[in-house]
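# Close look at the chain arrangement
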Amino acid sequence: MNFKQERINFIVHSPLVPVVNGIRSTATNLILELNKICDLHVILILGSNNLPNDETFLFLRKNNVRFSEVVANAEKSAFFEKLKVLFPYHLKAEQNVAKKISLLCGNDKAIYFGTSFDPVAYPLAKELKVPFFFPADSITLFEKNKKVSGILRLIIKKIKIYIASRIENRIHFSNFQKIFYVSSNDIECSQFYSNSGKSALCRIGVQKPSLFKSYKLGTNRNLIFTGVMNFGPNEDAALYIIDELLPYSKNTFNVKIVGMNPTSAIKQRANNNVIVTGAVADISELLITSDIFVSPLFSGAGAKNKVIQSLAVGLIVVGSTDSFSGFDTLPPGAYIADSVQEFVDVINSLLILSPLELQSISDSAVDYICQNYLWSASAETLLKSLSE
């Protein structure tokens, strides 16, 4: 299907860069792919603290993406921003933003790239009947998957699940045309709590890699974990690797903890065997010089961009069951471990394989991801939805 003549508005919150795993990575990659196959116009919703000519503007100009800006006076506190969502009929400032966006879109088609806690979503749904794209995961499933112990924490968890499901439900029963999720697990959860019949799948993916892991020269026991490190599940995973996995193993591993905003708890644990890099411009080089991507994620939902990205360059992944929750079937190159003992056993069993055996696993992982998880396919899925 040829979309080149169609003008598509991609409505998204700024900033888009620096690019990291997660929401920003999804947004920037979709923008790059959509810009190749249609007449793309990005509408940036700017918080009051965003200044012109920031990294986001430079990114869009560098890639010849047309864009417009709409200023929204965001709450200084994330708590109050979320609180506003619980009272969506009193969002006067957001209603004005929605009207401005509607004027910019005119009669052209549009996609809204937002989150459940986004106050702009509700008034925008009244102005534009467009598809809604959840860039991360179902917030209901996210709360449901949290591991807690104790009666009080279990009660709090149930309350959070209820609040999350009500917020997500409002998105479903607003005027949004279709609700895109990044994994079938998220869709299944949304259909249980918000059976609007609007849920659809649009997988997150990767750009076709140009660099690939080579196991042919052997391994050096180098492990890596990536993510936004002040995000709770990522911080927990990093500390699990350093505090539990490394001391338990009889073998010496070198670990790279890669990603923006490392917490003080993570930075304090840096040593000769633990390198904390902070944000990096390009993660590919770090991935292909590692031997195993370790992903002890024990909460969260959705597809894990970090796992897809690692498999795409041929890096073998050893992760918890939750790390692979976004896949319909366990992909080649992915191995499950849900305890310290299992992580150590699986990693050691892999690293004693011959270089040829490891390379065969690596090549199979690359083939699978490139056949099923490229951003180009995701962009086409979104555009086809606009023509239905």
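Up top you'll find the structure we're talking about.
None of these values were measured; they are calculated from a predicted model. For every chain, the first residue of the written sequence is number 1, and numbering continues from 1 onward in sequence order. Two thresholds apply to this predicted model, a pLDDT of at least 70 for residue-level local features and 80 or more for giving and counting side-chain atom pairs, whereas whole-chain, interface and lining totals are computed over all residues. Note: side-chain values were computed over all heavy atoms of the structure, leaving out hydrogens and water.

Now for the packing of aromatic side chains. Two rings from Phe, Tyr or Trp (for Trp, the six-membered ring) form a pair when their centres sit within 6.5 Å of each other. Planes less than 30 degrees apart are called stacked, planes more than 60 degrees apart edge-to-face, and all others tilted. Applying the stated criterion across every chain, the model contains 13 aromatic pairs. Seen from their ring centres, Phe132 and Phe176 are 4.8 Å apart, and the 70 degrees between their planes marks the pair as edge-to-face. Placement of Phe132 in strand β5 (residues 132-133) and of Phe176 in the loop between α7 (151-172) and β6 (179-181) is noted, with a sequence separation of 44 residues between them. When a residue's accessible area, from a 1.4 Å probe over protein chains only, is under 20% of the maximum for its type it is buried; when over 50% it is exposed; and in between it is partly exposed. Residue class for Phe132 comes out buried when judged on its relative accessible area of 0%. An aromatic cluster of at least three residues, connected via ring pairs, comprises Phe10, Phe113, Phe133 and Phe180. Lysine and arginine charges are scored as sitting over a ring when NZ or CZ, respectively, is within 6 Å of the ring centre and within 35 degrees of the ring normal. A cation over an aromatic ring shows up here: Lys144 above the ring of Phe192, its NZ or CZ 5.7 Å from the ring centre. Against the face of Tyr215 rests Lys213, its NZ or CZ located 4.9 Å from the ring centre. Numbering of helices and strands runs from the N terminus, with a helix taken as a DSSP run of H or I at least four residues long and a strand as a DSSP run of E at least two residues long.

Bringing the environment of Arg221 into the picture now. With respect to the helices and strands, the residue Arg221 is situated in the loop between β7 (199-201) and β8 (222-226). Separated by 71 residues in sequence, Arg221 and Ile292 have C-alpha atoms that sit 7.8 Å apart. As used in this structure description, the phrase polar contact means that two N or O atoms lie within 3.5 Å; if the pair is within protein, one of them must be able to donate a hydrogen and the other to accept it, and residues adjacent in sequence are counted only when both atoms belong to side chains. A distance of 2.7 Å separates a polar atom in the side chain of Arg221 from a polar atom in the side chain of Asn348.

This brings us to a nonpolar patch on the surface. What makes a patch is a set of residues exposed beyond 30% relative accessible area and free of salt bridges, joined within 9 Å when like-charged and within 5 Å when nonpolar (Val, Leu, Ile, Met, Phe, Trp, Tyr). In short, Shrake-Rupley with a 1.4 Å probe defines the accessible areas, and a residue's cover is counted only from the protein chains shown. By convention in these notes, a salt bridge is any Lys or Arg side-chain nitrogen within 4 Å of a carboxyl oxygen on Asp or Glu. On the surface, a cluster of nonpolar side chains totalling about 520 Å² of accessible area is made up of Ile151, Ile155, Ile159, Tyr162 and Ile163. In this fold, Ile151 is placed in helix α7.

It is worth spelling out helix α9 (residues 232-248) at this point. Residue pairs spaced three or four apart in an α-helix point in one direction, given the helix's 3.6 residues per turn. The span expected for a helix works out to 1.5 Å for each residue beyond the first. End to end, α9 covers 23 Å across 17 residues, agreeing with the expected 24 Å (1.5 Å per residue, within 8%). Values of bend correspond, residue by residue, to the angle between axes fitted over the seven residues ending at that residue and the seven starting there. Its maximal kink placed at Ile241, α9 deviates by approximately 35 degrees. Inspection of α9 places Pro233, Asn234, Glu235, Ala237, Ala238, Leu239, Tyr240, Ile241, Ile242, Leu245 and Leu246 among the buried residues, and these make up the whole buried set.

This model, assessed by the stated rule, comprises six salt bridges. With its nearest N and O atoms 3.5 Å apart, the salt bridge here joins Asp108 to Arg7. Note that Asp108 is positioned in the loop between α4 (92-105) and β4 (109-113) and Arg7 in strand β1 (residues 7-13), a separation of 101 residues in sequence. We classify Asp108 as partly exposed; its relative accessible area is 33%. Taking the relative accessible area as the measure of exposure, Arg7 reaches 27% and is therefore partly exposed.

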